[in-house]
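Structural characterization, general
Here's the letter readout for the chains.
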Amino acid sequence: EDYRTLGDDDVEDLKPLSSSLREGKPVDMSSFFEPPGEANPPPRFEVRSMPWTDADGHSGHFTGEVNSASVPDGKGFMRYDSLPMLEGKWEEGRHVPDPG
């Protein structure tokens, strides 16, 4: 596990928390935690012309960002064998239509 030594700045940040706890006051702990998904974003890799078959069974070649399981996830485009090309954002292998 990762541990680090508290420095003087850390101790100063904890003083209000310590006082509140001693006095039995409610404490907002949200500032002590990073929002989910921001501390360690999942790894992404760039691919070019990767053979891919989407969830609907349509095959082609994907170019863009994929996750660690080699699934389109991020920006990219898919050149289908028998459909028009799709470009834009992908989430876990599915194209996300542009809202605009």
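Rules of the game
- Residues numbered from 1 in each chain as written.
- Predicted model: local features only at pLDDT ≥ 70, side-chain atom pairs only at ≥ 80, totals over all residues.
- Heavy atoms only, no water.
- Helix = DSSP H or I, 4+ residues; strand = E, 2+ residues; numbered from the N terminus.
- Buried < 20%, exposed > 50% of the residue type's maximum accessible area, 1.4 Å probe, protein only.
- Contact = heavy atoms within 4.5 Å.
- Salt bridge = Lys/Arg side-chain N within 4 Å of Asp/Glu carboxyl O.
- Pairing = 2+ DSSP bridges.
- Axes fitted to C-alpha atoms, helices over the stretch in contact; angles between N-to-C directions.
- Core = buried A, V, L, I, M, F, W, Y, C linked by side-chain atoms within 4.5 Å.
- pLDDT = per-residue confidence, 0-100.
- Phe/Tyr/Trp six-rings, centres within 6.5 Å; stacked < 30°, edge-to-face > 60°.

Within the protein chain, the secondary structure is distributed over 1 helix and 5 strands. Starting at the N terminus and ending at the C terminus, the protein chain contains elements arranged as α-β-β-β-β-β. Looking at the protein chain as a whole, 21% of its 100 residues are labelled buried. Looking at the protein chain alone, contacts between residues at least 24 apart form 9% of all its contacts between residues at least 6 apart.

Under the counting rule described, the total for this entry stands at 3 salt bridges. Linking Glu65 and Arg44 is a salt bridge whose minimum nitrogen-to-oxygen distance equals 4.0 Å. With a gap of 21 residues between them, Glu65 in strand β2 (residues 59-67) and Arg44 in strand β1 (residues 44-53) connect regions that are remote in the sequence. Across the pair Lys89 and Glu91 runs a salt bridge whose closest N-O atoms are separated by 3.2 Å. Here the salt bridges do not stand alone but share partners, grouping Arg44, Glu65 and Asp73 into one network.

With that out of the way, let us pick up the sheet that holds strand β4 (residues 86-91). In spatial order, the strands read β1-β2-β3-β4-β5; together these 5 strands make up an open sheet with antiparallel pairing. At either margin of the open sheet sits one strand with a lone partner, and together these are β1 and β5 (94-96). Strand-to-strand twist of the sheet, defined as the mean angle between neighbouring strand axes without regard to direction, takes the value 35°.

Judged by nonpolar contacts, Val47, Met50, Trp52, Phe62, Val66, Val71, Met78, Tyr80 and Trp90 together constitute the single largest core of 9 residues. Not counting the four nearest positions on each side in its chain, Trp90 is found in contact with Phe62, Pro72, Asp73, Gly74, Gly76, Phe77, Met78, Tyr80, His95 and Val96.

Residue-level pLDDT values for the protein chain average 79, and 63% of them are 70 or greater. Least confident of the elements in the protein chain is helix α1 (residues 8-22), whose mean pLDDT is 65; most confident is strand β3 (residues 72-80), at 95.

Applying the stated criterion across every chain yields a total of 1 aromatic pair. The interplanar angle of 80° and the centroid separation of 5.3 Å between the aromatic rings of Phe62 and Trp90 together place this pair among those described as edge-to-face. Of the two residues, Phe62 is situated in strand β2 and Trp90 in strand β4; the sequence distance between them amounts to 28 residues. Judged by its relative accessible area of 0%, Phe62 is buried.

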